[in-house]
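What follows is each chain in one-letter form.
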Amino acid sequence: MKIQRIQELTDASIVCGSEKRENDVQCAFASDLMSDVLTLDCGNVLLVTGLCNLQTIRTAEMAEVSYILFVRGKKVTSDMLELAHENNMVLMETDHSMYHTVGELYSAGLLPIY
Amino acid sequence: MLFKFELEGGNFSKVGYASSQIKKVLKQLAIDPRIIKRVVVALYEAEVNVVAHAWRGTVVAKLDADKISLELKDEGPGIPDIPLAMSEGYSTASEAVREMGFGAGMGLPNMKKNVDELTIESQVDVGTTVRMVTWFNKKGA
Ligand SMILES: Nc1ncnc2c1ncn2[C@@H]1O[C@H](COP(=O)(O)OP(=O)(O)OP(=O)(O)O)[C@@H](O)[C@H]1O
Ligand SMILES: [Mg+2]
């Protein structure tokens, strides 16, 4: 599924990497637990999370996750943006809840990892 | 090549710096990306453990032609029961650590899964030393 389509489905805004809106994401994973994210064994994945701090970006860097969608109106800070930019990531923000967001994406056919 | 980094207990802003630097070096050396991911995930988990559970520590990464050896040595409360700490889901992480998205008790098992050799030495109220070795010629376990 294209980033652009994910953005539309979840009423999100792209706050980093908007030039990659045509990129395709294979599957998605939702968690607020960075410990979980670090056990993922899959590239090209979208992380949907309510945990919005520098560690989210660091964790994504190590886990090779390039696409992150922050839910519940969480706002990305400037140091997060900087690190995300350095690592060529796409960051999106939506005001919707985690439940609403993953529901929209799942029913539109974005596959879960597991 | 030898790399050294410092870690400070409770200071989450620095955690991941060592992993990030090592990742860049391994990439430059054109190591298999799957091996790079396994090494940096394990190193990052170990860095987070020092910051989350100990008072201060150092990361030493030694790079040889055929392997990378990582040593994380900390001053801290130590681990009284290492097999228990190694079991999935066991965690003594504080509320503050949980708020950072950690403390699921998955770190040590995940480190074990991602490296070729893991050894832990610990003395209660003194500190913990974690050593990890990964060979570059071995393809994913
Ligand atoms: N360097 C350390 N010093 C003291 N105790 C430690 C250290 N590393 C691990 N521990 C102990 O071992 C437990 C398990 O560690 P592990 O990394 O598996 O989980 P966690 O750090 O609690 O959570 P997670 O890694 O999933 O975020 C910790 O909760 C802590 O009690
Ligand atoms: Mg841990």
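The shown structure was predicted, so the numbers you read here are calculated from the model rather than taken from an experiment. (Residues numbered from 1 in each chain as written. Chains lettered and ligands numbered in written order. Predicted model: local features only at pLDDT ≥ 70, side-chain atom pairs only at ≥ 80, totals over all residues. Heavy atoms only, no water.)

Asker: Sorry if this is basic, but what is going on with the overall build of chain A here?
Answerer: If you tally the helices and strands in chain A, you get 5 helices and 6 strands. Listed by position from the N terminus, the elements making up chain A come as α-β-β-α-β-α-β-α-β-α-β. Over its C-alpha atoms, taken along the principal directions, chain A stretches across nearly 35 × 25 × 25 Å. Relative to its full complement of 114 residues, chain A shows a buried share of 53%. A separation threshold of at least 6 residues defines the contact pool for chain A, and within that pool the share at least 24 residues apart is 53%. (Helix = DSSP H or I, 4+ residues; strand = E, 2+ residues; numbered from the N terminus. Buried < 20%, exposed > 50% of the residue type's maximum accessible area, 1.4 Å probe, protein only. Contact = heavy atoms within 4.5 Å.)

Asker: What is the right way to read the packing of helix α3 (residues 54–63) of chain A against helix α4 (residues 78–86) of chain A from this model?
Answerer: Each pair of packed helices gets described by two things: the angle between the helix axes and the distance between those axes. Residues and elements named next belong to chain A. Where α3 meets α4, the closest approach of the two axes is 9 Å, and the angle between their N-to-C directions is 10 degrees. Comparing the axis directions of α3 and α4 gives the class roughly parallel. Along the contact surface, α3 presents Leu54, Ile57, Arg58 and Glu61, while α4 presents Asp79, Met80, Leu83 and Ala84. Residue composition of the contact of α3 with α4, by class: 5 nonpolar, no polar and 3 charged. (Axes fitted to C-alpha atoms, helices over the stretch in contact; angles between N-to-C directions. Parallel < 35°, antiparallel > 145°, perpendicular 65-115°, else oblique. Nonpolar A, V, L, I, M, F, W, Y, C, P; charged D, E, K, R; others polar.)

Asker: Got a minute to help me understand the interface of chain A and chain B in this structure?
Answerer: Think of interface size as the accessible area that goes away when the parts come together; that is how it is often given. With 20 residues of chain A at the contact, the number on the chain B side is 23 residues. Summing both partners gives a buried area of about 1,700 Å² for chain A against chain B, and 54% of it is carried by carbon and sulfur. Sorting the residues of chain A by area buried against chain B places A:Leu38, A:Gln55 and A:Met62 first, and these three jointly supply 36% of that buried surface. Put simply, chain A and chain B have 1 salt bridge between them. Salt-bridge contacts for A:Glu64 lead to B:Lys23; the nearest nitrogen and oxygen are separated by 3.3 Å. Where chain A meets chain B, there are 10 residue pairs in polar contact (both at pLDDT 80 or more). Taken together, the elements giving at least two residues each to the side of chain A that touches chain B come down to α2 (34–37) and α3 of chain A. Per element, the largest residue contribution to the side of chain A that touches chain B is 7 residues, and it comes from α3(A). Considering only residue class, the side of chain A that touches chain B consists of 9 nonpolar, 5 polar and 6 charged. (Buried area = accessible area lost by both parts, 1.4 Å probe. Salt bridge = Lys/Arg side-chain N within 4 Å of Asp/Glu carboxyl O. Polar contact = N/O pair within 3.5 Å; in protein donor to acceptor, adjacent residues only side chain to side chain.)

Asker: I'm lost on the sheet that holds strand β4 (residues 67–70) of chain A in this one. Help?
Answerer: Hydrogen bonds between backbone atoms are what pair the strands of a sheet, whose relative direction is either parallel or antiparallel. All names here are of chain A. Strand order in this open sheet of 6 strands is β1-β5-β4-β3-β2-β6, and the pairing throughout is mixed. With partners counted over all chains shown, the strands left at the sheet margins are β1 (13–16) and β6 (111–112), one partner each. Here strand β3 (residues 45–49) pairs with β4 via 4 bridges, running parallel. Note that in β4 the partner of Leu47 across the bridge is Ile68. Against the sheet, α4 makes contact with β1, β4 and β5 (90–93), and its axis sits at roughly 80 degrees relative to β1, the strand it touches most. (Pairing = 2+ DSSP bridges.)

Asker: Where do I start with the environment of A:Met62 in this structure?
Answerer: Position of A:Met62 among the secondary structure elements: in helix α3. A relative accessible area of 0% places A:Met62 in the buried class. Once you skip the residues sitting within four places of it in the chain, A:Met62 turns out to touch A:Leu38, B:Gly16, B:Ser19, B:Ser20, B:Lys37, B:Val40, B:Val41 and B:Tyr44.

Asker: Explain the packing of aromatic side chains to me, please; I cannot follow it from the model alone.
Answerer: We describe a pair of aromatic rings using the distance from one ring centre to the other and the angle between the two ring planes. Residues and elements named next belong to chain B. Overall, the coordinates contain 4 aromatic pairs over all chains when judged by the stated rule. Residues Tyr44 and Phe102 carry aromatic rings whose centres are separated by 6.2 Å and whose planes lie at 70 degrees to one another, so their mutual orientation is edge-to-face. Taken together, the positions of Tyr44 in helix α2 (residues 33–53) and Phe102 in the loop between α4 (95–99) and α5 (107–114) put the pair 58 residues apart, joining distant regions of the chain. When its relative accessible area of 0% is taken as the criterion, Tyr44 is described as buried. Relative accessible area serves as the criterion here: at 3%, Phe102 is assigned to the buried category. Taken together, the aromatic side chains of Phe12, Tyr44 and Phe102 make up a single cluster linked through ring pairs. (Phe/Tyr/Trp six-rings, centres within 6.5 Å; stacked < 30°, edge-to-face > 60°.)

Asker: I tried to follow helix α5 (residues 98–107) of chain A on my own but got confused; where do I start?
Answerer: Each full turn of the α-helix corresponds to 3.6 residues, which orients residues three or four apart in the same direction. Residue and element names in this part refer to chain A. What α5 keeps buried is the set Met98, Thr101 and Leu105. Buried residues of α5, viewed axially, fall in a sector of 75 degrees; they line one side. Away from its buried face, by an angle of more than 90 degrees, α5 presents the exposed residues Tyr99, Tyr106 and Ser107. (Arc of directions from axis to C-beta.)

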